[in-house]
Structures are given as C-alpha cells and as structure tokens.
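Structural characterization, general
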Amino acid sequence: LKNLMLGYTLPQKTVRKLGLQKLRVYGAAYNLWQYSKVPDAFDPELLSANYPMIKSLAVGLQVNF
C-alpha cells in the first residue's frame, strides 16, 4: 500500500457560520504495507540497501476564505 489519503469536507452550512467558504480536513499515509514472496532481506522496492522505504503520516487542513 503505497499511498492512502482520507479527507472530509465540512458541510457549507457549518462552514459559513465560521465565516469561511470551504473547510477540509485530511490525513495521508505513505508506504504503509508491502506484500511480497521475496524474503525480507531483499526488498523489491529498494535500489540500495542503504536507503529503506520510510513510512510516513501527514495530517492537514485546507481553508478557503
């Protein structure tokens, strides 16, 4: 699983009460899971054993005024 992003845009009725046009909350995750029949010592995604694939998580807020 290379990339997963989930987001939610708040309803305009709620957002307008805050004086905004749009408000979106989202979260993203990268390199969460990998399945391969190759032994763990040989990662098929790597070009070099010195640079492993790193899992990362991010959250964000998109606001339109």
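These notes cover the structure that comes with them.

Each value, and the rule that gives it
Residues numbered from 1 in each chain as written. Predicted model: local features only at pLDDT ≥ 70, side-chain atom pairs only at ≥ 80, totals over all residues. Heavy atoms only, no water. Helix = DSSP H or I, 4+ residues; strand = E, 2+ residues; numbered from the N terminus. Buried < 20%, exposed > 50% of the residue type's maximum accessible area, 1.4 Å probe, protein only. Contact = heavy atoms within 4.5 Å. Areas by Shrake-Rupley, 256 points an atom, 1.4 Å probe, with all protein chains shown as cover. Patch = residues over 30% accessible without salt bridge, like charges linked within 9 Å, V, L, I, M, F, W, Y side chains within 5 Å. Salt bridge = Lys/Arg side-chain N within 4 Å of Asp/Glu carboxyl O. Pairing = 2+ DSSP bridges. Axes fitted to C-alpha atoms, helices over the stretch in contact; angles between N-to-C directions.

1. Details of the overall build of the protein
Helix and strand content of the protein: one helix and three strands. Secondary structure elements of the protein, listed N to C terminal, follow the sequence β-α-β-β. Within the protein, the proportion of its 65 residues that are buried is 11%. Across the protein, the fraction of contacts at a sequence separation of at least 24, relative to all contacts at a separation of at least 6, is 59%. When the accessible surface of the protein is split by element, carbon and sulfur atoms take 61% of a total near 5800 Å².

2. Remarks on unusual backbone geometry
The backbone phi angle of Asn31 is positive, close to 55°, even though this residue is not glycine. The topology assignment puts Asn31 in the loop between β2 (22–30) and β3 (56–64).

3. Points about the environment of Trp33
As for its placement among the helices and strands, Trp33 is situated in the loop between β2 and β3. Relative accessible area serves as the criterion here: at 58%, Trp33 is assigned to the exposed category. In the structure, Trp33 is positioned 30 residues away from Asn3 in sequence and 9.5 Å away in space, judged by C-alpha atoms.

4. Brief notes about a nonpolar patch on the surface
A surface patch of nonpolar side chains, about 450 Å² in accessible area, is lined by Leu1, Leu4, Leu6 and Trp33. With respect to the secondary-structure elements, Leu4 resides in strand β1 (residues 3–9).

5. Topic: the environment of Ala29
Looking at where Ala29 falls in the secondary structure, it is placed in strand β2. Measuring from C-alpha to C-alpha, the distance between Ala29 and Ser56 comes to 5.7 Å, with 27 residues separating the pair along the chain. For Ala29, the residues in contact, after removing those within four places along its chain, are Lys2, Asn3, Leu4, Ser56 and Leu57.

6. Describing the sheet that holds β1
Strand order in this open sheet of three strands is β1-β2-β3, and the pairing throughout is antiparallel. Each edge of the open sheet carries a strand with a single partner, namely β1 and β3. Within this sheet the neighbouring strands show an average axis-to-axis angle of 15°, counted without direction. The pairing of β1 with β2 spans seven bridges and is classified as antiparallel. The partner of Tyr8 across the bridge, within β2, is Val25.

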